[in-house]
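This is what each chain is made of:
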Amino acid sequence: MIRINNIIDRISEYHPEADLDIIERAYIYSARVHAGQIRLSGEPYLSHPLEVAGILSDMKLDVISVAAGLLHDVIEDTQAVPEEVEELFGSEVRHIVSGVTKLSGLSFHSTRARQAESLRKMFLAMADDIRVILIKLADRLHNMRTLQFHKPGKRKKIAGETLDIYAPIAARLGIYWIKNELEETSFKYFQPEECSRIQDLVAKSRTERTKYMETVKGYLTKKMDEAHLACEVLGRNKNYYSIYNKMVSQNLPFEEIYDIIAFRIILDSISHCYEALGLIHSMWKPIDHKFKDYIARPKANMYQSLHTTVVGPFGERIEIQIRTWEMDRVAKSGIAAHWSYKEGKRIDENISEKFAWIQDLVENQENFRDPGEFLENVRIDLFQDEVYVFTPRGEIKTLANGATTVDFAYMIHTEVGNQCTGAKVNGQLVPLVYQLKTGDIVEITTSKNHHPSKDWLKFVKTVKARSKIRQWIKTQEKERSITLGREMLEKAFRKEKLNYNNLSKTEELAEVAAHFGFKAIDDLIANVGYGKITPLQVVRKFVPKLQAQDVPESIFNKLIGRVNRKKKLKTGVLVKGVDDILIKFGKCCQPVPGDNIVGYITRGYGVTIHRTSCVNALEMNPERQIEVDWNQEATEMYPVKIRIISHDRQGLLADLVGNISKYGANILHASSEIRDSRIVDSFFTIGVQDISHLEKILSAVRKVKLVQDVKRIG
């Protein structure tokens, strides 16, 4: 365990004039309030804030950040209150600690809602003070280093969240050493079989790669020396998770991943970087579309470097990065480089301007109250890469990679997006689905009578465009649902000889709306129209004596098709608060027990179950969403599609079928295609009990001779 004296010594090295008193006081206070608390590892809880503070001092952050790191859990896990933290350590420390603190004291209807609101709160705080996320990343990094002390299920959940949220945040902040460690550790726990397989594949060729790395470094060093360019040439192995991601995203076997080794040349000046680039291109033929100049056009996280891919001395592709020493420092530390002290200088006070994307992320998310929708859109924002395009007036606009002309229209203004009818790119008419490229000049045509189309959701890439389109659709659907809901209520009230129009103007209906959790009467009426609440439920609030037996139909009976009450369904999914509902599983994503799921009401067709990550589910109106969960008592088999990539050989199909059947999976459908390269794509639809059953089968199939990759599809 790191000691407070080690942390103080580190701070003194990079900032000799620092006021260390606040660090010592924060340590004493943290030790006092955490006294008696033990971590799952058996260590005193104080070891955790000390390790977090140690990581922050490694990043050379200011004393306020390190003090807040020592205190980051005191509000959440002890009797300490924000007011006391402010009184003892100042408003700046309180603000940062409050931003890091999760919303553990509040009540939410689901784990996803808690996670979404915690992230929302953190993003709001980090938009105001970026140190919030730096401390949160240090906190997550140490928790990942001690993840082995959790139960397997909890380990996998935390690892998945880290891959989804925290590693991408570290990447967008440019702190790649944290990003890489988070990904590698998460990969080990989230997909242990895949991680082990990649490790084995890499280990088999390690000796050969080391020899190759030294050979190429020798060529590069000699060329730079001949030109009298002082530099350092480095070779590095790609991370296991990066290799796996590339194999999956590009559908490549391990043998075809050319950039498992990458090279980096670090020089003294920008002019030397471009000179080195010219020398390399004179040695080996460059691949044009692989060249990227991040020096002239830095990434949003201030990363700068020249990236080139060339055909190397043995006919293979080589990826080379060229940068200055200062660029290398920023590439390693990212945003932390601008919050650190160097030679006694003050921290960069314009940091918020340089990271305007954080404020954009906050603004994009503020209209999403549905937890699943919010979390998915955070991922979209975090994983994006950028393209740079021009308005007709020559203004540069930055959009996510893959963004279309509709995304561009919404970036200009919401009304421009809503009324967009067409676009010209570089003076030529293009379809709305056209994906913009860096350097394009874009002009949007609009019409006042035009409105967004639901089909746009299938191709827009930016969260702003997606949110504005859905907002418009939601408004239209709400208006229709209010009209339908009002008609249904009038009919139901008339049946009980009540005048709905008169009652709707009284406080009674407002109180009924509040009872169901709605702020306005219109929200109650709309939910009757959506099908989430029946007219009968509302009428009962005015006629308490109305008995259930007087009503032939229960909730959802008219709105969604259902089975006969006498035929009780033994379904694998439970719909919260409702029995005997017709359940269907989305064919697009084929959920199985263990997947995170969500239900959507469809009039006349019951409730359709989707995985929360399903693209089709994300395009549906969140107002039709209903909470569902897996029925632990059900013993059904669920269909899942898998794809197996392998080299062709005799007996391949028999071995695949044998390994699938060995684990009790029923094969519902099978087909295979062979490519010109003798690579075989095999597609199976199999029946499995749950996600762990599926993982056992996938693991067994991976062991079949000459199998390159196995994955679930859909």
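Residues numbered from 1 in each chain as written. Predicted model: local features only at pLDDT ≥ 70, side-chain atom pairs only at ≥ 80, totals over all residues. Heavy atoms only, no water.

Student: Before we move on, can you summarise the overall build of the protein with the specific residues and values?
Tutor: The helix and strand inventory of the protein stands at 30 helices and 21 strands. Here the protein holds 714 residues, and 50% of them are scored as buried. Residue pairs at least 24 apart in sequence account for 66% of intrachain contacts in the protein once pairs closer than 6 positions are excluded. Of the accessible surface of the protein, which amounts to about 35,000 Å², a share of 50% is contributed by carbon and sulfur atoms. (Helix = DSSP H or I, 4+ residues; strand = E, 2+ residues; numbered from the N terminus. Buried < 20%, exposed > 50% of the residue type's maximum accessible area, 1.4 Å probe, protein only. Contact = heavy atoms within 4.5 Å. Areas by Shrake-Rupley, 256 points an atom, 1.4 Å probe, with all protein chains shown as cover.)

Student: Report on the sheet that holds strand β19 (residues 666-674), specifying residues and quantitative values.
Tutor: Spatially, the four strands line up as an open sheet ordered β19-β20-β18-β21, and their pairing is antiparallel. Both outer strands of the open sheet, β19 and β21 (707-713), are each paired with one neighbouring strand and no more. Going from strand to strand, the sheet's axes swing by 20° on average, the running direction of each strand aside. (Pairing = 2+ DSSP bridges. Axes fitted to C-alpha atoms, helices over the stretch in contact; angles between N-to-C directions.)

Student: Help me get a handle on the pattern of salt bridges, residues and values and all.
Tutor: Opposite charge on two side chains permits pairing when their charged atoms draw close. For the structure shown, the criterion picks out 23 salt bridges. Ionic pairing is found between Asp 681 and Arg 643, a salt bridge with its closest N-O pair at 3.3 Å. In this pair, Asp 681 is assigned in strand β20 (residues 679-688) and Arg 643 in strand β18 (residues 638-647), connecting sequence segments 38 residues apart. Through salt bridges with shared partners, a single ionic network connects Glu 194, Arg 197, Arg 702 and Asp 709. (Salt bridge = Lys/Arg side-chain N within 4 Å of Asp/Glu carboxyl O.)

Student: So what's going on with the sheet that holds strand β10 (residues 428-430)? Residues and values would help.
Tutor: Spatially, three strands are ordered β10-β9-β11 in an open sheet, and the strand pairing comes out antiparallel. Strands with a single pairing partner mark the edges of an open sheet, and in this sheet they are β10 and β11 (442-446). Between one strand and the next, the sheet's axes are offset by a mean angle of 35°, whatever the strand orientation. Docked against the sheet, helix α21 (residues 405-412) engages β9 (420-425), β10 and β11, running at close to 80° with respect to β11.

Student: Tell me about the pairing of strand β15 (residues 606-611), and please be specific about residues and values.
Tutor: Most of β15 is tucked away, with six of its six residues classed as buried. Of the pairings in the sheet, the one linking strand β13 (residues 583-585) to β15 comprises three bridges and is parallel in character. Its bridge partner being in β15, Phe 585 is matched across the sheet by Ile 609.

Student: Can you explain helix α16 (residues 325-333)? Please cite residues and give values.
Tutor: Taken residue by residue, α16 has Met 327, Asp 328, Val 330 and Ala 331 as its buried positions. Relative to the axis of α16, the buried residues are bounded by an arc of 165° and lie together on one face. In the stretch just after α16, Gly 334 is the one whose phi turns positive, near 60°. (Arc of directions from axis to C-beta.)

Student: So what's going on with the nonpolar core? Which residues, and what values?
Tutor: Ile 11, Ile 23, Val 93 and Leu 137 are the most contacted members of the largest nonpolar core, which has 59 residues in total. Here the element with the most residues in this core is helix α9 (residues 131-145); it accounts for eight residues. Setting aside residues no more than four positions away along its own chain, Val 93 makes contact with Ile 22, Ile 64, Ala 68, Leu 71 and Val 85. Counting residues in hydrophobic clusters, the runner-up holds 30 residues, among them Ile 642, Ile 644, Phe 684 and Leu 698. (Core = buried A, V, L, I, M, F, W, Y, C linked by side-chain atoms within 4.5 Å.)

Student: Can you tell me about the packing of aromatic side chains, naming the residues and giving the values?
Tutor: Scanning the entire structure with this criterion turns up 11 aromatic pairs. Between Tyr 29 and Phe 89, the aromatic rings sit 5.6 Å apart at their centres with planes inclined by 70°, giving edge-to-face as the arrangement. Taken together, the residues Tyr 29 in helix α2 (residues 21-33) and Phe 89 in helix α6 (residues 82-89) connect sequence positions 60 residues apart. Pair check on accessibility: Tyr 29 and Phe 89 agree, each one buried. Their ring planes at 85° and their centres at 5.6 Å tell us that Trp 630 and Tyr 638 sit as a pair that is edge-to-face. Trp 630 sits in the buried class, given a relative accessible area of 8%. Residue Tyr 638 is classed as buried on the basis of its relative accessible area of 4%. Above the plane of the ring of Phe 190 lies Lys 156, whose end atom (NZ or CZ) is 5.8 Å from the centre. (Phe/Tyr/Trp six-rings, centres within 6.5 Å; stacked < 30°, edge-to-face > 60°. Lys NZ or Arg CZ within 6 Å of the ring centre and 35° of its normal.)

Student: Lay out the state of the cysteines with the relevant residues and their values.
Tutor: Enumeration over the complete set of coordinates arrives at zero disulfides. Counting only cysteine sulfurs, Cys 614 is the nearest neighbor of Cys 588, a cysteine outside any disulfide, at a range of 3.5 Å. (Disulfide = S-S within 2.5 Å.)

Student: Would you mind going over the environment of Ile 482 in detail, with residue names and values included?
Tutor: The residue Ile 482 is located in helix α23 (residues 463-495) in this model. Judged by its relative accessible area of 13%, Ile 482 falls in the buried class. Residues Ile 482 and Ile 525, 43 residues apart in the sequence, show an inter-C-alpha distance of 5.5 Å. Non-local contacts of Ile 482, meaning those with residues more than four positions away in its chain, are made with Asp 522, Ile 525 and Ala 526.

Student: Now, about the environment of Thr 612: what can you tell me, with residues and values included?
Tutor: In this structure, Thr 612 sits in the loop between β15 and α28 (615-618). Judged by its relative accessible area of 17%, Thr 612 falls in the buried class. Put simply, Thr 612 and Pro 591 are 21 residues apart on the chain and 9.3 Å apart in space, counted from C-alpha to C-alpha.

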